[in-house]
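# Remarks on the overall topology
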Amino acid sequence: MTGDYLTIATKARGKESWFLGAITDENARIAEMALNFLTKGEKYKTIVYENTKDADWQKNPIAYKIRMIVVTNKSKINLNMAPAGGTAISFEPIQ
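Description of the structure in this document. Only a predicted model underlies this, so the values are computations on that prediction, with no experimental measurement involved. (Residues numbered from 1 in each chain as written. Predicted model: local features only at pLDDT ≥ 70, side-chain atom pairs only at ≥ 80, totals over all residues. Heavy atoms only, no water.)

## Structural notes on the pairing of strand β2 (residues 18-24)
The side chains of a regular strand alternate, first on one face of the sheet and then on the other. As a reminder, the rule being used: Type-normalised accessible area, obtained with a 1.4 Å probe on protein chains alone, sets the label of each residue: buried when under 20%, exposed when over 50%, and partly exposed for intermediate values. For the purposes of this entry, the term helix denotes a DSSP run of H or I that reaches at least four residues, the term strand denotes a run of E that reaches at least two, and both are numbered from the N terminus. A pair of strands is treated as paired once DSSP finds two or more bridges between them.
Across the two faces of β2 the burial differs, with Trp18, Leu20, Ala22 and Thr24 buried and Phe19, Gly21 and Ile23 not buried at all. Judged from the 7 bridges that link them, strand β1 (residues 5-11) and β2 form a sheet pairing that is antiparallel. Within the sheet, the bridge partner assigned to Tyr5 lies in β2 and is Thr24. Pairing analysis gives 6 bridges linking β2 to strand β7 (residues 86-93), with the strands arranged antiparallel. By the bridge assignment for β7, Trp18 is matched with Phe91.

Written out as structure tokens, the structure is:
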């Protein structure tokens with residue numbers, strides 16, 4: 001089996017929290033992800049852990065940044081992945 005990248009989302013058991021992870025091969029990429037799996041009508045505090053522009057699996061493997069945004073199930077988000085990098089995101093409903 002071969003592939004260039006993988007993105008997976010999972011819901012926390014018994015909660016409205018979600019987690020998303022993405023990983024890519026040796027090629028950098030930006031993948032647009034629709035968030036339509038989130039509960040309709042809810043707003044989510046989203047923490048994004050992503051590669052910086054200078055991240056590289058050989059020269060700068062731990063270069064990342066953390067940002068926080070608010071999203072809904074109508075939002076889309078760009079997954080910024082460096083060569084052999086990835087993105088991790090947590091979604092917590094805003095009360």
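## A word on the environment of Phe91
Put simply, the test is: Throughout, a residue-residue contact means that at least one pair of heavy atoms, one from each residue, lies within 4.5 Å.
Tracing the backbone shows Phe91 in strand β7. When its relative accessible area of 0% is taken as the criterion, Phe91 is described as buried. Residues in contact with Phe91, not counting those within four places in the same chain, are Glu16, Ser17, Trp18, Phe19, Leu20, Leu35, Phe37, Leu38, Tyr44, Lys45, Thr46 and Val71.

## Overview of the nonpolar core
Operational definition: For this analysis, a nonpolar core means a set of buried residues of the types Ala, Val, Leu, Ile, Met, Phe, Trp, Tyr and Cys, connected via side-chain atoms within 4.5 Å.
Leu38, Leu79, Ile89 and Phe91 are the most contacted members of the largest nonpolar core, which has 14 residues in total. Among the elements of the structure, β2, β4 (44-51), β6 (76-81) and β7 are those that each provide at least two residues to this core. Once residues lying within four places of it in the same chain are set aside, the contact partners of Leu38 are Trp18, Tyr44, Val71, Thr72, Asn73 and Phe91.

## Some details on the packing of aromatic side chains
Stated precisely, the cut-off is as follows: In this scheme Phe, Tyr and Trp rings, the latter by its six-membered ring, pair at centre separations within 6.5 Å, and the angle between planes marks the pair as stacked below 30 degrees, edge-to-face above 60, and tilted otherwise.
Scanning all chains against the criterion turns up 2 aromatic pairs. An angle of 55° between the planes, with centres 4.9 Å apart, marks the rings of Trp18 and Phe37 as tilted. Of this pair, Trp18 sits in strand β2 while Phe37 sits in the loop between β3 (29-34) and β4, placing them 19 residues apart in sequence. With relative accessibility at 13%, the residue Trp18 sits in the buried group.

## Topic: the pattern of salt bridges
Test applied: By definition here, a salt bridge exists when the distance from a side-chain nitrogen of Lys or Arg to a carboxyl oxygen of Asp or Glu is within 4 Å.
Applying the stated criterion across every chain, the model contains 5 salt bridges. Residues Lys11 and Glu16 are paired through a salt bridge, measuring 3.5 Å at the closest nitrogen-oxygen approach. Taking relative accessible area as the criterion, Lys11 reaches 38% and is therefore assigned partly exposed. A salt bridge links Glu32 to Lys76, with the shortest nitrogen-to-oxygen separation between them at 3.9 Å. Placement of Glu32 in strand β3 and of Lys76 in strand β6 is noted, with a sequence separation of 44 residues between them. Residue Glu32 is classed as exposed on the basis of its relative accessible area of 56%. A relative accessible area of 56% means that Lys76 is categorised as exposed. Connected via shared salt-bridge partners are Glu50, Lys65 and Arg67.

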